[in-house]
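Coordinate inspection notes
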Amino acid sequence: SRIFTGKNDFVAFYAGGRLAGTGDLYDRDRIRQVQQERVGVTSEAWRFIRLPYYAALFWPLSRLPYPVAYALWQGLSLAAVVGFVLLWRGSSTTSAVLFTCPSLPVATSLMNGQDLALVLLWIALGVRWQLEGHGFRAGMVLALCAVKFHLFALLPVLIVGRRLWRLGGGLLAGGAALAAVSFAVAGWAWPLEYYRVLTDPLIHPGVGAMPNLHGAFAYWPSVATAKGIPAAL
């Protein structure tokens, strides 16, 4: 039911688009108010946790009724998956299709209304342009992956290690443009507001089930005790 009604993470993106440019992008009460008014549901886990420029990208969709916006978003996500397969050919297009269709992360992303498909498309496009000798252009498109910046923290190491200066230049230029848009959308104080959102425990339900280092160690006795988690958990 969550898939077909859109009662998933897209609610946060939609609300972020509605609040782009208002100064309330990371305001807990305003986000929940917009979600309740426009979608009819809300959740602490559906706070907007992307950088401000991303809210600006959702502004056009957020002008539409929620069911229409959600349908278009899912269509865009499916198109991004197809685009990834066509660009990331590897040994053959058939292999790319076979390894993408049963992918649990891709399926989960689509079911939850998330944006992994767009990140895959940007990666594939960036790699394709880099291989074709368009390093600066590749860096510009890879800058869009700042939507999940924690996954690309070591990209500068690759750039320096392989002396991919044109790629690095494009990445810096793209990052500067996105930063400018972010400040224009959310004002000068947004970095501090963003930090407060990311460190709010209310937006991290079920941390012990997350597929990361936090999830791997969250319920070790010493960690659990430090966090006040009952040892039985």
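Residues numbered from 1 in each chain as written. Predicted model: local features only at pLDDT ≥ 70, side-chain atom pairs only at ≥ 80, totals over all residues. Heavy atoms only, no water.

Inspection of every chain in the model, using the stated rule, returns eight salt bridges. Across the pair Arg-47 and Glu-44 runs a salt bridge, and its minimum N-O distance is 3.6 Å. Glu-44 matches Arg-47 in its accessibility class, with the two residues each being buried. Through salt bridges with shared partners, a single network forms among Arg-28, Asp-29, Arg-32, Glu-44, Arg-47 and Asp-200. (Salt bridge = Lys/Arg side-chain N within 4 Å of Asp/Glu carboxyl O. Buried < 20%, exposed > 50% of the residue type's maximum accessible area, 1.4 Å probe, protein only.)

The topology assignment puts Trp-73 in helix H6 (residues 66-87). Considering only alpha carbons, one finds Trp-73 and Phe-58, 15 residues apart in sequence, at a separation of 9.7 Å. Those residues in contact with Trp-73 that sit more than four places away from it in its chain are Phe-10, Phe-13, Tyr-54, Phe-58, Leu-61, Gly-113, Gln-114, Asp-115 and Leu-118. At 3.0 Å, the side chain of Trp-73 forms a polar contact with the backbone oxygen of Gly-113. (Helix = DSSP H or I, 4+ residues; strand = E, 2+ residues; numbered from the N terminus. Contact = heavy atoms within 4.5 Å. Polar contact = N/O pair within 3.5 Å; in protein donor to acceptor, adjacent residues only side chain to side chain.)

With that settled, consider the nonpolar core. Phe-10, Phe-48, Tyr-54, Trp-73 and Trp-122 are the most contacted members of the largest nonpolar core, which has 54 residues in total. When residues no more than four places from it in sequence are discounted, the contact partners of Tyr-54 are Phe-13, Phe-48, Trp-73, Asp-115, Leu-118, Trp-122 and Val-147. (Core = buried A, V, L, I, M, F, W, Y, C linked by side-chain atoms within 4.5 Å.)

This part is about the environment of Thr-93. Its place among the elements puts Thr-93 in helix H7 (residues 93-100). Residue classification places Thr-93 among the partly exposed residues on the basis of a relative accessible area of 34%. Sequence separation between Thr-93 and Ala-143 is 50 residues, and the spatial gap between their C-alpha atoms is 26 Å.

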